[in-house]
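# A structural walkthrough
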Amino acid sequence: MAVLFLGQVLAAALLSRWAVSGGGRRLWGRAIAGLLLAQVALFFTLASWGTSDITKLSHFLSFDRSAIKGEPFWLLVSPLIVALPFRMATVHGLVAAGYGAAALLLARHWRAWSWAGWWVLLICCSPLLRGFMQNSHSRQALSTLLLLPVLLWAGRMARVPRPMLVVLPLWGLTCHTTALFTLLLALLPRLPGMATWPAGSVRWFQNPWRAAPWRVLALALGGLIVVGVLAGHWAWELVPMLRSKLDSYWSQQGYANSYPLAAAVGRLQLAMAIGVVLTCQQRHVGPARFLACDRSRQLVLYSLVYGLVEGALALGLVPQITSRLADPAGFFLLIVWLAWLEHYRCLWAALPALLVTLDYWLVERLAGSQTLHCGSNDTFFCVPDRWPWQVRY
């Protein structure tokens, strides 16, 4: 596993070197990118083989599909999953590679190909996505990935073909019962008032005593509460499956992870903030200019959302639900942060976050895996102890 991980780092370095040196043949760049994605898929397939969600679904999919009730996509492809080697572990590896492919496509779209490989590691290995990647929440991870184009469209970060804005969200809604909440999270940059907020916010920063729009904020908050109550009532009445799932999370299931409160997440958030400060110094971006920038407002918005999730978990406020919103919020925060760095053309400011991510994997995950007791209650990094054809489900 250490060799596979170091192979990903080497492939990212080769891809960066190939782009900086002028590229040469385009075929070489595609080959290196394909090698990187293949290593990501194999790495997460082997590492997640013994996790609870993987083993549960791999066991039940062949004869009892009640665990994926309300998720039509998985019901449809379950015969194919059963035929795959290591079953859901392979699916999880493919989903992880999908996140890597999204990073490559964004780097290509934003003409930042020299950073493409490093962005793959930043996303796939991020402590912000520990639930998705290391706890094998494959179904929710795929659903969130399919809703990424909605975020890019809502935040005006990339041109997204209209068919994708219809097909991929509909596909995502069939993958996990939390997809509706993730869709609302992706649409946050299109909230009413986001486009007209800059002028007022800049005036408030320049003279907070004369331009404080407290009444406007109070009315907007009241309107959001009313809309939220109405939407919740509509969903409660018209979507019984969603109601059943929420009731299960609320009263029957005691599981809630605390991954967003880990020390590695705090270090990464600090590194991301350092990248923002360095960019502002390099580009001479003052507070007024920062607030007037659409990308900056989106960065602040998703930072606050993730901070609210962390606060809710720290206080124990419905942790069985809020813990499941942490990874989508963290993923969108990473994308918005990369888009912000790209907007100011200071991609090098991602280096502190990259170093923190690599240190987390090399020290805490890889080196710490020596203490795992694989063979009983297997966890992440407990690799398969037999060939695929020797497994009996």
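Details of the structure are given in the entry above.
Residues numbered from 1 in each chain as written. Predicted model: local features only at pLDDT ≥ 70, side-chain atom pairs only at ≥ 80, totals over all residues. Heavy atoms only, no water.

### Let's talk about the overall build of the protein
Check the secondary structure of the protein and you find 21 helices and zero strands. When the 393 residues of the protein are sorted by exposure, 49% land in the buried category. The long-range share in the protein, meaning contacts at least 24 apart out of those at least 6 apart in sequence, stands at 79%. (Helix = DSSP H or I, 4+ residues; strand = E, 2+ residues; numbered from the N terminus. Buried < 20%, exposed > 50% of the residue type's maximum accessible area, 1.4 Å probe, protein only. Contact = heavy atoms within 4.5 Å.)

### Looking at the nonpolar core
Tyr-99, Trp-119 and Trp-337 are the most contacted members of the largest nonpolar core, which has 110 residues in total. When neighbours within four sequence positions are excluded, Tyr-99 is seen to be in contact with Ile-123, Cys-124, Leu-129, Phe-132, Met-133, Ala-141, Thr-144, Leu-145 and Phe-331. (Core = buried A, V, L, I, M, F, W, Y, C linked by side-chain atoms within 4.5 Å.)

### Quick look at the state of the cysteines
Simply put, disulfide is the name for a covalent bond between the sulfur atoms of two cysteines. A full pass over the atoms with the stated rule returns one disulfide. Between the sulfur atoms of Cys-374 and its disulfide partner Cys-382 the distance amounts to 2.1 Å. Around the S-S axis, the bridge from Cys-374 to Cys-382 shows a dihedral of about -85° and counts as left-handed. Given a relative accessible area of 44%, Cys-374 falls into the partly exposed group. With a relative accessible area of 1%, Cys-382 lands in the buried category. No disulfide involves Cys-293; its sulfur sits 9.4 Å from the nearest other cysteine sulfur, which is in Cys-280. Exposure remark for Cys-293: the relative accessible area of 9% places this residue in the buried category. Between Cys-346, a cysteine without a disulfide, and Cys-280, which holds the nearest cysteine sulfur, the sulfur-to-sulfur distance is 9.0 Å. (Disulfide = S-S within 2.5 Å.)

### Focus on empty space enclosed by the protein
For the structure on display, the rule yields one cavity of 30 Å³ or more. For the lining of the largest cavity, the secondary structure elements donating two or more residues are helix H7 (130-133) and helix H20 (326-343). Broken down by class, the residue content of the lining of the largest cavity amounts to seven nonpolar, one polar and two charged. (1 Å grid on protein atoms, 1.4 Å probe; cavity = no way out; pocket = protein on both sides within 12 Å on 5 of 7 lines; lining within 4 Å. Points joined across faces, edges and corners; volume = space filled by probe spheres on them. Nonpolar A, V, L, I, M, F, W, Y, C, P; charged D, E, K, R; others polar.)

### Things to note about the environment of Leu-151
With respect to the element layout, Leu-151 can be found in helix H9 (residues 148-154). Here Leu-151 falls in the buried class, since its relative accessible area comes to 0%. Separated by 36 residues in sequence, Leu-151 and Leu-187 have C-alpha atoms that sit 6.2 Å apart. Discounting residues that sit within four places of it in the chain, Leu-151 has contacts with Met-157, Ala-186, Pro-189, Tyr-302, Phe-332, Ile-335 and Val-336.

### Some points on the side chain of Arg-139
Tracing the chain through its elements places Arg-139 in helix H8 (residues 138-146). Side-chain polar atoms of Arg-139 contact the side chain of Glu-71, separated by 2.8 Å. Residue contacts for Arg-139: discarding those within four places in its chain leaves Leu-57, Ala-67, Ile-68, Glu-71, Trp-74, Cys-175 and His-176. (Polar contact = N/O pair within 3.5 Å; in protein donor to acceptor, adjacent residues only side chain to side chain.)

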